[in-house]
Amino acid sequence: MAGRRNNGVLAVWAEAQRQEQRREEARWRAQAAEQRRWEREQREAQKAAARTEREAQRSYQQAREAEAARRTAELDGRVEELRGLLAAGLDRPAFRAQSLLAPRPVPPFEPGRLGEPVPMPDQAQYQVPPPDQAQARNPGVRQRYEQYVAQARARFEQDWYAAQAAEAERQRRLGEYHGQYLEWVARFRREDEERAARTEESLRRLRSGEAEAVQEYFSAVLYASAGWPEGFPHRLVAAWEASSRQLVVNWELPGPDVVPATGRVRYVKTDDREAEVARPATERKALYREVLAQSALRVVTELYRADGDGLLASVVLNGFVRGIDPATGREAERFLTTVTVDRAEFAGLTLDRVAAVECFQGLGGVLSARPERLDEVRPDRLPETVGGSVAGQGGEDDPDLFEMDPIEFEELIAELFRLRGFRVMTTARSGDAGVDVVAEDLDPVTGGRIVIQAKRYRSTVSPTAVRDLDSTVRHHGAIKGILVTTAGFGPGSYEYIRNKPLTLVSGPELVELLAEQGLRGRLGERTAGGGANSSGNGNGSGSGTANGNGNGSGPDGAAAGTVGATSTVALSWGSRTAGGDPVELDVSAFVCASGRVLGDEHFVFFNNPQDPDGAVRLHPTRSVPGEPVRRAELTLDTARLAPAVDEVVVAVSTEEEEPPTLPLGYVHGLALTGAFGPDVAGPARWEPGTGGVPESAMVVGSFQRRGGVWQFAPSGTPVPGGLAGLAVRWGVAVE
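Anyway, here's the lowdown on the structure attached to this text. (Residues numbered from 1 in each chain as written. Predicted model: local features only at pLDDT ≥ 70, side-chain atom pairs only at ≥ 80, totals over all residues. Heavy atoms only, no water.)

### Section: the overall build of the chain
When helices and strands are tallied, the chain shows 14 helices and 29 strands. The buried share of the chain, reckoned over its 735 residues, is 44%. Accessible surface, the chain: about 36,200 Å² in total, of which carbon and sulfur atoms supply 49%. (Helix = DSSP H or I, 4+ residues; strand = E, 2+ residues; numbered from the N terminus. Buried < 20%, exposed > 50% of the residue type's maximum accessible area, 1.4 Å probe, protein only. Areas by Shrake-Rupley, 256 points an atom, 1.4 Å probe, with all protein chains shown as cover.)

Dropping the structure here:
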């Protein structure tokens, strides 16, 4: 779908709206995934208990039936959402151009922990109990008492002066931060005034009927349209013919799979399984036709409701999906609906009472006879036949990070860290050598300056660049350095940053981080499967996430080829010891042949979260919502393993940043749950005992190949020496 991409102020506004919608959808998906994980674990726990107790069996079956009913209710809710597509659009307020001129609210000053005064020591806590009357007659007792009082007074004074100094430092930093906030507010208001002026100019051009302004305005209105069901695209191109006052729009529609193929879910007690009952084909076809008709009516409604100045005399709307063209075998736009709607005729409709398909056809619209097969209709008119320019929004793909302007790339990285809660400044125009973005963590205890380098590379970043980053961190007195690239890093780079305040973010990791914040970006051209084809090394390895916690994950960007079913091992443990101290475990894996790793790069841990073949991946450690539990996952794709591999060892170790290391005996609730592919056997859950274990590392199990069959075998064997001891045990070179 060709078209000039809008870059005006309205397009920027529309993109911001879509970014927030994507961020909200991402949050919803994450919550839903967490809820499904919790329910899955609950089912597994109930299933295990049901093997021994009859009452638990009944409870378990009732829970399974309730789960089947819940899934059926979800399907029914999705269908109702699709059937209410037009009604939901009618309930939303009409967009008004003047709303774009409203000043943006200034975010309030939020000092965070800087706004919390340092607590002063309580002198009562330093009081020494006096001796009783009998003891007071003893000169030695009186003398020791006076010594204790003097020592307590000295400790109080020392703590009081330290607290006063900390409070003075806090107030200094707070004043500095507030001054920077006021400067930012001034810039914010100037930029908002400039935006309002540009918007006013765009609206003036709109009211005068300039083609580009009209195209930009209405394409932005549709692209920023909210309240559509999840998964509905927002892609379009538009052209405006001033002589006839006709707007011609191509609007992307969802594919046939938007209608759930499953009608209901029932629980089969005899097999202890959930059976999905297919939705009748005639019902799916009828519902999909209704979705297409309602979508078209809703789009036309939004266009006319947003046209407060009466610019539009008619609208041509062509609805398309992306599908395979049987003539060429290639993916192309397949038009399933087309309609030309006159303003006066449309104004006479009572849309909240119409039957969508009949209304659409009554307006002269043509709807594909077999839309589920992507049978095409001939559009009434296409935007490219109007003449002049064609405006697009939500264009062909996410922006290619390889081709992005260097300053735009740095601004994108800055926005990413800004959304992650850092105060950010770019240095592209100030010429600060060696630093592209400066971020500041405002935590008064652990915070400080972070220097960030952004490199748009297609090949592996050399270790020299990583060493340069280390020098830059020391030169600027920063607490941390982050190197972000569109490519990847080699084992030498990860070895260099060991025990250094440096984090490496590879290209695939960057794309994932952008998506988490509703930002857009891809690496190279899109492939037919929807992925990106990068000319980089594609190893996907990375070190840590952008917040610098050091527990990073490689992306899932698997290369083309045969991919087996993935097995997942999830490890969870109590987040604190019995004494209340925090507990963090490092999960690691060793890809072995005959008891030794194939090579150092086949040692998978937080600084190398993926082996070169992409067979073993370590995912970020996260807290379990609502529970004092930490959780990490490791995935294995046996189809990617080298033929020589006969074992993949999985281990845990306590963090070693500050000696002494924590013995595993202080760790409670260590448990392993497995979700294995069809080619791997293993226990659904296993709890390696840690009670009384003095070592800080343990092998929790291993994937073993015996006679061509893979099986996960639990272990629970302690290993002395922590993570380094584990590495030495399996032949990793440790300096």
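### Looking at the pairing of strand β12 (residues 448-455)
Of all eight residues that make up β12, seven are buried, and the element is covered over most of its length. In this structure, strand β11 (residues 437-441) lies alongside β12, joined through five bridges in antiparallel fashion. Residue pairing for β12: E440 is matched across the bridge by R449. As paired strands, β12 and strand β13 (residues 480-485) are joined by six bridges and run parallel to one another. What sits directly across from K455, in β13, is T485. (Pairing = 2+ DSSP bridges.)

### As for the packing of aromatic side chains
Following the criterion strictly, the structure yields 21 aromatic pairs and no others. For the ring pair W184 and F188, a centre distance of 5.1 Å and an interplane angle of 35 degrees mean the geometry is tilted. A residue pair is termed a helical-turn pair when its members lie 3 or 4 positions apart in one helix, as W184 and F188 do in helix α5 (residues 139-207) at four residues. Judged by centre distance (5.2 Å) and plane angle (70 degrees), the rings of F605 and F606 are edge-to-face. For F605, a relative accessible area of 5% corresponds to the buried category. In this structure an aromatic cluster arises from ring pairing among F109, Y177, Y181, W184 and F188. Of note, R729 hangs over the ring of W730, and the distance from its end group to the ring centre comes to 4.4 Å. (Phe/Tyr/Trp six-rings, centres within 6.5 Å; stacked < 30°, edge-to-face > 60°. Lys NZ or Arg CZ within 6 Å of the ring centre and 35° of its normal.)

### Quick notes on the sheet that holds β12
As a general point, the strands of a sheet are linked pairwise by backbone hydrogen bonds and lie either parallel or antiparallel. Read across the sheet, five strands follow the order β10-β11-β12-β13-β14 without closing on themselves; strand pairing throughout is mixed. Because the sheet does not close on itself, it has two edges, and the strands there are β10 (423-426) and β14 (502-505). Recorded for the sheet is a direction-independent mean angle of 20 degrees between the axes of neighbouring strands. Contacts from helix α13 (residues 507-516) reach β13 and β14, with the element oriented near 85 degrees to β14. (Axes fitted to C-alpha atoms, helices over the stretch in contact; angles between N-to-C directions. Contact = heavy atoms within 4.5 Å.)

### Section: helix α14 (residues 722-729)
Working note: α-helix, 3.6 residues per turn, so residues spaced by three or four point in the same direction. By the burial criterion, the buried members of α14 are G722, L723, G725, L726 and A727. Packed against the buried residues of α14 are β18 (585-593), β20 (603-604), β24 (647-654), β28 (697-706) and β29 (709-719). After α14 finishes, the residue G731 shows a positive phi value of roughly 85 degrees.

### Some details on the packing of helix α10 (residues 406-419) against α13
Remark: α10 packs on α13, axes separated minimally by 10 Å, with the N-to-C direction vectors making an angle of 60 degrees. It follows that α10 is oblique to α13 by the angle criterion. Seen from above, α10 lies across α13 with left-handed handedness. For the pair formed by α10 and α13, the contact residues are F409, L412, I413 and L416 on the first element and L510, L513 and L514 on the second. (Parallel < 35°, antiparallel > 145°, perpendicular 65-115°, else oblique. Left-handed = near helix turned anticlockwise from the far one by under 90°.)

### Considerations on the pairing of strand β17 (residues 566-574)
In terms of burial, β17 is largely enclosed, as eight of its nine residues are buried. Where β17 meets strand β23 (residues 629-637), nine bridges bridge the pair, whose relative direction is antiparallel. What sits directly across from T566, in β23, is D637. Here β17 runs beside strand β25 (residues 671-675); their pairing, made up of five bridges, is antiparallel. From the neighbouring strand, S572 faces β25, where its bridge partner is A671.

### Section: the side chain of N318
Mapped onto the fold, N318 is located in strand β6 (residues 314-324). Within the local environment of N318, its side chain forms a polar contact with the side chain of T338, the two groups lying 2.7 Å apart. (Polar contact = N/O pair within 3.5 Å; in protein donor to acceptor, adjacent residues only side chain to side chain.)

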